[in-house]
Amino acid sequence: MKTFLRQTSIFFAIPFGVLIVLLFSLNYINNKAMADYKTDTGVQSLFMGDSHVQCAINSALLPDAVNLSQSSEALLFSYFKIKYILQNNPAIKRIYLGFGYHNISTYADEFTYGKYAYDVASRYFFILPVEQKKEIIKHNLKQLPKFLGKVLINGATTLIEKEENYSFLGGYKNEYKNLIASKLSIDYRISLQFYENGKQRGFSAVNIMYLNKIILLCKDKNIELVLLKTPLHNYYKSKIPLTFTEKYDSLISLNKLKVIDFGNLVLNDSCYLPNGDHVSPRGALLTTNFFK
Amino acid sequence: MLFNSLSFAIFLPIVFILYWFATKNNFKLQNMLLLIASYFFYACWDYRFLFLLLFSTLLDYFSGIKIFEAENKKKRTFWLWVSICINLGLLGYFKYCNFFITSFADGLTDLGVKFNIHTLQIILPVGISFYTFHGLSYVIDIYKERIKAENNFINYAVFVCFFPLLIAGPIERATNLLPQIVKKREFDYSKAVDGLRQILWGLFKKIVIADNCAIYADAVFDNYNDYSGITLFWGVFLFTFQIYCDFSGYTDIAIGTARLFGINLLRNFAFPYFSRNIAEFWRRWNITLSTWFRDYLYIPLGGSKGGVWMKTRNIFIIFLVSGFWHGANWTFIIWGFINAVYVLPSVLFKTNRDNLNIVAQGRILPNLKELLSMTFTFGLTVFAFIFFRSENIEHAVRYVSKLFSFSGNSTAFSVPVALVLLIAGFIIAEWRGREQQYAIADVGLKWPKIIRWSLYYGLALVIFYFSTSGKQFIYFQF
């Protein structure tokens, strides 16, 4: 019996020890990589947000800007990224923050504490403060092995990948070709973002709180914050529940925020991806040109 | 509390340590601990149904004693029927009530009679089909004088509620399990290590193969109209591996867990997809359920004795009931019917006892005849599983017609190469280990520890890497 307990304890202690060592090492390496991150010389504007901005702004065409948006990036993660970047990049004067109607839906919570968290939150895990780490682990307890696996894999990108491929960093990406908006996909998209089990979703308290934190951070650092509403297909716009558009407008007016609204830009179907709330490479070119 | 959950990973070591240390090897204390742990385990699902479980346990405990102590056959028969009627009554109410109401209403509607249907809001108590069958086999065995009644309630309750088998089997027999419960158990190092190895293999089957196949099988079955015939074939092929790895993975974990406590449970799967005919398949698939129906239904009905009519009748009864046991849906009944049709010729031509040995025993590869017969049997099984998986008969029929239509919109659907490779690797592992109790039972036993442990760590890493979001075991719903 004692032999069994000793052997099983050793058996489980070995991977546990390796895991702890890996987590601490990667935590140090990722935090250092984030803290050391420097934008190219001359960059004064930062594009932040989720896949909407990631697909829409090709910062390679903008000499004074860099796009660090990433798919499914909730404002919580954007906040900590911005905090790090501003510390080491005093040349940044302006932040364009992607902010659409879906950002205030509880749909966004799925990426921070919900069912997609293991995939999304794991990318940013190491650059979050301890309290946030605890919170995210707490919400991923049911899928902890998978979550930790993803954390390690994503954390290792700092060691084995080039800077632009670091799991937390992001950048312009739009490889979808020959696709056009489709009503079926838009309907599905709307049902995903604004409804759950047939009922309308509520507002994301976490994302709204982190929007306010970003506003305060920018004020504190004397950075101009401009919200960016990326182009939306007319059919998509017509399907957004009224409560969301009202809440969105109230948040903007309450905080007296500057907004660049591409939402009213009329583009043809080929400028959109099938889901109607992302632009295609053609749409990206038109959107990016606005900033030239 | 799922076997593949963190809570079980905490629960099991606590019970294990208390079992071997706090009880000081006193088997009465050990049984008491197992019972409390089992009730706690069950209460994690729904504590309200603990009362039903307790009632069912008490019913069979007292019925068993009454049958055993009865002075004449009339009284024995009376108590046997009390137990059977109440057990089946509870099972019927909780599991089949709504099915009968809706089927009755559908029948009237077909006859042109309008009927306002009101189904009852009945929750299916998890494990009811399994613990009911435990209890029934116990009282029937006492009635048949195969065993004596157990006078100690704790011992009997552990037999019914032992947590590894409480939710989804294997369906134990009092003849196998009770003698192990009523005697002192010594810790056996090699048995415990083997148990851990079987748990690891069970987790691999469930988390890596079953759960990942489920993602694609569900997508195909849910949207079968969008896909071409070849994709529908993929869908049911993946479901065939899903159902096998889900259920046999569960029983591997259950058997392995029981071995940690010094208890040997009955084997439930013996590499069924390497069967050379359907009769062999049914000797290797869900063995404890098949033998339960064989011993308590098929043989009392006359078995394969008698004329063609009687054999045919018995085969259809056993398979239809077995199908119905799986769930209150016509799809399961049709699944049972198809299997009866498959098995019947071998019973009528007396070939059902062929292939009692292990396929290609002592050889690395099967010969051509074995390969073809295994492929053919597997194909028949895959086809029958369309009905098992479908939501209703219409769904199944449409799926089958679309499967063989070779027309319609061919929507691109790709199964990840990684999953195909995993399944291929799994088949090779199963084939290599087909003479063992489970596929990796003998792997690395003589290797140096560092290499053997590396294999286990490798398996664990694959499990972590491919884990999805903790799907429930399919057989919990039965």
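Just so we're clear, the structure is a prediction, and the values are computed from it rather than from any experiment. (Residues numbered from 1 in each chain as written. Chains lettered and ligands numbered in written order. Predicted model: local features only at pLDDT ≥ 70, side-chain atom pairs only at ≥ 80, totals over all residues.)

Asks: An account of the overall build of chain B is requested, with residue identities and associated values reported.
Replies: Within chain B one finds 18 helices and zero strands. Whereas a compact globule of 478 residues would reach a radius of gyration of roughly 23 Å, chain B reaches 23 Å, a difference of no more than 12%. Overall, chain B is about 70 × 65 × 45 Å in size when its C-alpha atoms are taken along their principal axes. A burial count over chain B gives 40% of its 478 residues as buried. Pairs at least 24 residues apart make up 73% of the contacts formed inside chain B by residues separated by at least 6 positions. (Helix = DSSP H or I, 4+ residues; strand = E, 2+ residues; numbered from the N terminus. Rg over C-alpha atoms; globule rule 2.2 N^0.38 Å. Buried ≥ 20, exposed ≤ 12 C-beta atoms within 10 Å, placed from the backbone. Contact = placed C-beta atoms within 7 Å.)

Asks: Explain the overall build of chain A residue by residue, including any values.
Replies: When helices and strands are counted, chain A shows 12 helices and seven strands. For 292 residues, the compact-globule estimate of 2.2 N^0.38 gives 19 Å, and the C-alpha radius of gyration of chain A, at 20 Å, lies within 12% of that figure. With the C-alpha coordinates aligned to their principal axes, the bounding extent of chain A is approximately 75 × 50 × 40 Å. Expressed as a percentage of its 292 residues, the buried residues of chain A come to 40%. For chain A, restricting intrachain contacts to residue pairs at least 6 apart in sequence, the fraction spanning at least 24 positions comes to 76%.

Asks: Could you give me a rundown of the packing of helix H13 (residues 308–326) of chain B against helix H14 (residues 330–348) of chain B, with the residues and numbers involved?
Replies: Residues and elements named next belong to chain B. Where H13 meets H14, the axes come as close as 8 Å, and the angle between the chain directions of the two elements is 150°. Put simply, H13 runs roughly antiparallel to H14. By crossing handedness, the relation of H13 to H14 is classed as right-handed. From H13, Val 308, Lys 311, Thr 312, Ile 315, Phe 316, Phe 319, Leu 320, Ser 322, Gly 323, Phe 324 and His 326 reach across to H14, where they touch Phe 332, Ile 333, Trp 335, Gly 336, Phe 337, Asn 339, Ala 340, Val 343, Leu 344, Val 347 and Leu 348. (Axes fitted to C-alpha atoms, helices over the stretch in contact; angles between N-to-C directions. Parallel < 35°, antiparallel > 145°, perpendicular 65-115°, else oblique. Left-handed = near helix turned anticlockwise from the far one by under 90°.)

Asks: Could you give an account of the pairing of strand E3 (residues 94–98) of chain A, with specific residues and numbers?
Replies: Residues and elements named next belong to chain A. In terms of burial, E3 is a largely internal element, four of the five residues being buried. Note that strand E1 (residues 45–48) and E3 share four bridges and pair parallel. Residue pairing for E3: Phe 47 is matched across the bridge by Tyr 96. Across five bridges, the pairing between E3 and strand E6 (residues 224–229) is parallel. (Pairing = 2+ DSSP bridges.)

Asks: Go over the interface of chain B and chain A with me, naming the residues and quoting the values.
Replies: Of the residues lining the interface, 12 residues belong to chain B; the matching set on chain A comes to 13 residues. For the side of chain B that touches chain A, the elements supplying multiple residues, two or more each, are helix H1 (6–22), helix H9 (189–222) and helix H18 (449–466) of chain B. Residue composition of the side of chain B that touches chain A, by class: nine nonpolar, three polar and no charged. (Nonpolar A, V, L, I, M, F, W, Y, C, P; charged D, E, K, R; others polar.)

Asks: Residues and numbers for the nonpolar core, please.
Replies: With 114 residues, the main nonpolar core has Phe 159, Cys 161, Leu 166 and Cys 213 of chain B as its most contacted residues. With 16 residues, helix H10 (residues 229–260) of chain B is the single largest residue contributor to this core. Those residues in contact with Phe 159 of chain B, other than ones at most four positions away along the chain, are His 134, Ala 174, Leu 177, Leu 178 and Ile 181 of chain B. Phe 47, Ala 56, Ile 92 and Phe 125 of chain A belong to the second largest nonpolar core, which has 59 residues in total. (Core = buried A, V, L, I, M, F, W, Y, C linked by C-beta atoms within 7 Å.)

Asks: Before we move on, could you go through the packing of helix H3 (residues 50–69) of chain B against helix H4 (residues 73–110) of chain B and cite the residues and values that matter?
Replies: Residues and elements named next belong to chain B. At a closest axis distance of 8 Å, the pairing of H3 and H4 adopts a crossing angle of 165°. Here H3 lies roughly antiparallel to H4, going by the angle between them. For H3 against H4, the interelement crossing comes out left-handed. For the pair H3 and H4, contact is made by Ser 56, Leu 59, Asp 60, Ser 63, Lys 66 and Ile 67 and by Arg 76, Trp 79, Leu 80, Val 82, Ser 83, Ile 86, Asn 87 and Leu 90, respectively.

Asks: Give me the environment of Thr 106 of chain A: which residues, what numbers.
Replies: Residue and element names in this part refer to chain A. Examined against the element boundaries, Thr 106 turns out to sit in the loop between E3 and helix H4 (109–112). According to the C-beta neighbour criterion, Thr 106 is partly exposed, with 17 such atoms within 10 Å. On a C-alpha basis, the gap between Thr 106 and Ser 204 in space is 4.4 Å, while along the polypeptide they are 98 residues apart. The residues contacting Thr 106, other than those within four sequence positions of it, are Arg 201, Gly 202, Phe 203 and Ser 204.

Asks: Got a sec to walk through the sheet that holds E6 of chain A? Specific residues and values, please.
Replies: Sheet strands pair by backbone hydrogen bonding; their relative direction is either parallel or antiparallel. Residue and element names in this part refer to chain A. Read from one edge to the other, the open sheet built from five strands follows the order E2-E1-E3-E6-E7, with strand pairing classed as parallel. In this open sheet, the two edge strands, each paired with only one partner strand, are strand E2 (65–67) and strand E7 (258–261). Sheet twist, expressed as the average angle between the axes of neighbouring strands with direction ignored, equals 20°. Relative to E1, helix H3 (residues 75–88) is tilted by about 160°, and along the sheet it contacts E1 and E3.

Asks: Describe H14 of chain B, naming the residues involved and giving the relevant values.
Replies: Residue and element names in this part refer to chain B. The terminal C-alpha atoms of H14, which comprises 19 residues, lie 26 Å apart, in line with the 27 Å expected from a rise of 1.5 Å per residue. Along H14, the sharpest change in direction is near 30° and occurs at Tyr 342; proline Pro 345 comes one to four residues later. Inspection of H14 places Trp 330, Thr 331, Ile 333, Ile 334, Trp 335, Gly 336, Ile 338, Asn 339, Ala 340, Tyr 342 and Val 343 among the buried residues, and these make up the whole buried set. On its buried side, H14 packs onto helix H11 (278–284), H13, helix H15 (368–389) and helix H16 (393–403). One or two positions beyond H14, positive phi appears at Lys 350, with a value near 55°. (Expected span 1.5 Å × (residues − 1). Bend = angle between axes of the 7 residues up to and from the residue.)

Asks: Go over the pairing of E1 of chain A, please, and point to the residues and values.
Replies: All names here are of chain A. Burial along E1 is two-sided: Ser 45 and Phe 47 and Leu 46 and Met 48, pointing in opposite directions, are all buried. Sheet analysis places E1 next to E2, joined by three bridges and oriented parallel. Paired with Ser 45 across the bridge in E2 is Ala 65.

Asks: Outline unusual backbone geometry, listing residues and values.
Replies: A positive phi angle, near 60°, is found at Asn 222 of chain A, a position not held by glycine. With respect to the element layout, Asn 222 of chain A can be found in the loop between helix H9 (205–220) and E6. Positive phi, normally seen in glycine, also occurs at Asn 286 of chain B, with a value near 40°. Judged by C-beta crowding, with 22 C-beta atoms within 10 Å, Asn 286 of chain B ranks as buried.

Asks: Mind laying out the confidence of the model for chain B, listing which residues take part and the relevant values?
Replies: For chain B, mean pLDDT is 88; residues scoring 70 or higher make up 94% of the total. Taken over the whole predicted complex, pTM reads 0.78, whereas the ipTM for its chain interfaces reads 0.72. (pLDDT = per-residue confidence, 0-100.)

Asks: Describe the environment of Ile 36 of chain B, with residues and values.
Replies: All names here are of chain B. One can find Ile 36 in helix H2 (residues 27–46). Ile 36 gets classed as exposed once you count the C-beta atoms within 10 Å, which come to 12. Taking the C-alpha atoms as reference points, Ile 36 and Thr 240, separated by 204 residues in sequence, lie 36 Å from one another.

Asks: Give me the environment of Ser 204 of chain A: which residues, what numbers.
Replies: All names here are of chain A. Mapped onto the elements, Ser 204 comes out in the loop between strand E5 (199–200) and H9. Considering only alpha carbons, one finds Ser 204 and Tyr 107, 97 residues apart in sequence, at a separation of 7.6 Å. Those residues in contact with Ser 204 that lie beyond four places of it in its chain are Ile 104, Ser 105, Thr 106, Ala 108 and Asp 109.

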